[in-house]
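Single-letter residue listing:
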Amino acid sequence: MKIRLLAVAARPPGWVVEGFTDYARRLPRELPLELVEIAPVARKNAAPDRAMAAEGQRILNKIGSDDWVVALDVRGESCSTEQLARKLESWRMQGRNVAILIGGADGLDPACLARADERLSLSAMTLPHALVRVVIAEQLYRAWSVLAGHPYHRG
């Protein structure tokens with residue numbers, strides 16, 4: 001199984017790249033985490049709904065036909081680390097690749113939400129999308145550590 005994080009964003013700050021890379025590197029070879037950056041639509045001349053739709057199409061074009069799709073959405077299901085670990089194990093048992101979606105400035109297009117097999121919320125608060133990359137990479141590493149019996153998670 002491979003996990004791909006599909007993120008709409010311009011160039012993130014260096015600390016975001018470093019944080020994401022650090023946690024992605026900690027994951028075992030059999031659970032690789034890859035970042036796929038998707039260029040945002042320029043907001044100057046585009047209505048928010050049109051920009052979101054165009055970004056949504058770019059995301060959908062990157063999703064494999066058999067991928068298990070997880071949309072990060074403030075209205076999604078929230079879960080504990082242990083629950084995320086169980087989800088991670090379930091995803092692994094399916095034998096499918098996983099695509100985790102992070103929308104652009106206006107969120108995920110309804111077409112992306114419709115394609116999602118599940119929706120997860122990292123917080124009821126809106127988080128900076130660059131920060132979400134680091135948070136999801138760390139949480140996936142933490143969930144793996146729970147499954148592996150690694151002492152990283154002390155819950």
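The preceding data block contains the structure.
Residues numbered from 1 in each chain as written. Predicted model: local features only at pLDDT ≥ 70, side-chain atom pairs only at ≥ 80, totals over all residues. Heavy atoms only, no water.

J.: Help me understand the sheet that holds strand β2 (residues 33–38) in this model?
T.: Strand pairing within a sheet occurs via backbone hydrogen bonds; the two strands may be parallel or antiparallel. Judged by pairing direction, the sheet is parallel, and its 5 strands sit side by side in the order β2-β1-β4-β3-β5 without closing on themselves. The open sheet has two edge strands with one neighbour each: β2 and β5 (118–120). With direction set aside, neighbouring strand axes in the sheet form an average angle of 30 degrees. Alignment of strand β3 (residues 68–77) against strand β4 (residues 98–102), held across 4 bridges, turns out to be parallel. Counterpart to A71 in the pairing with β4 is L101. Sitting on the sheet, helix α5 (residues 129–148) is in contact with β1 (3–8), β2, β3 and β4, with an inclination near 150 degrees to β4. (Pairing = 2+ DSSP bridges. Helix = DSSP H or I, 4+ residues; strand = E, 2+ residues; numbered from the N terminus. Axes fitted to C-alpha atoms, helices over the stretch in contact; angles between N-to-C directions. Contact = heavy atoms within 4.5 Å.)

J.: Before we go on, may I ask you to explain the pattern of salt bridges in this structure?
T.: Pairing of side chains with opposite charge becomes possible as their charged atoms draw close. Following the criterion strictly, the structure yields 12 salt bridges and no others. R4 serves as the salt-bridge partner of D67, at 3.2 Å between the closest nitrogen and oxygen. With D67 in the loop between α2 (48–62) and β3 and R4 in strand β1, this residue pair connects regions lying 63 residues apart in the sequence. Between R133 and E37 there is a salt bridge whose closest N-O contact spans 2.7 Å. With R133 in helix α5 and E37 in strand β2, the pair connects residues that are 96 residues apart, well separated along the chain. We classify R133 as buried; its relative accessible area is 2%. (Salt bridge = Lys/Arg side-chain N within 4 Å of Asp/Glu carboxyl O. Buried < 20%, exposed > 50% of the residue type's maximum accessible area, 1.4 Å probe, protein only.)

J.: How do you make sense of the packing of aromatic side chains when you look at a structure like this?
T.: The geometry of an aromatic ring pair is captured by two quantities: the separation of the ring centres and the angle between the planes. Evaluation of the coordinates by the stated rule reveals 3 aromatic pairs. Their ring planes at 40 degrees and their centres at 6.3 Å tell us that Y23 and Y141 sit as a pair that is tilted. Of the two residues, Y23 is situated in helix α1 (residues 14–26) and Y141 in helix α5; the sequence distance between them amounts to 118 residues. Taking relative accessible area as the criterion, Y23 reaches 17% and is therefore assigned buried. Owing to a relative accessible area of 6%, Y141 belongs among the buried residues under this scheme. A ring pair is formed by Y141 and Y152, whose centres lie 4.7 Å apart and whose planes are at 65 degrees; its orientation type is edge-to-face. With Y141 in helix α5 and Y152 in the segment after α5, this residue pair connects regions lying 11 residues apart in the sequence. The structure contains a cluster of three or more aromatic residues connected by ring pairs, namely Y23, Y141, W144 and Y152. Between R26 and the ring centre of Y141, over which it is positioned, the NZ or CZ distance is 5.4 Å. (Phe/Tyr/Trp six-rings, centres within 6.5 Å; stacked < 30°, edge-to-face > 60°. Lys NZ or Arg CZ within 6 Å of the ring centre and 35° of its normal.)

In short, geometric facts, not functional conclusions.
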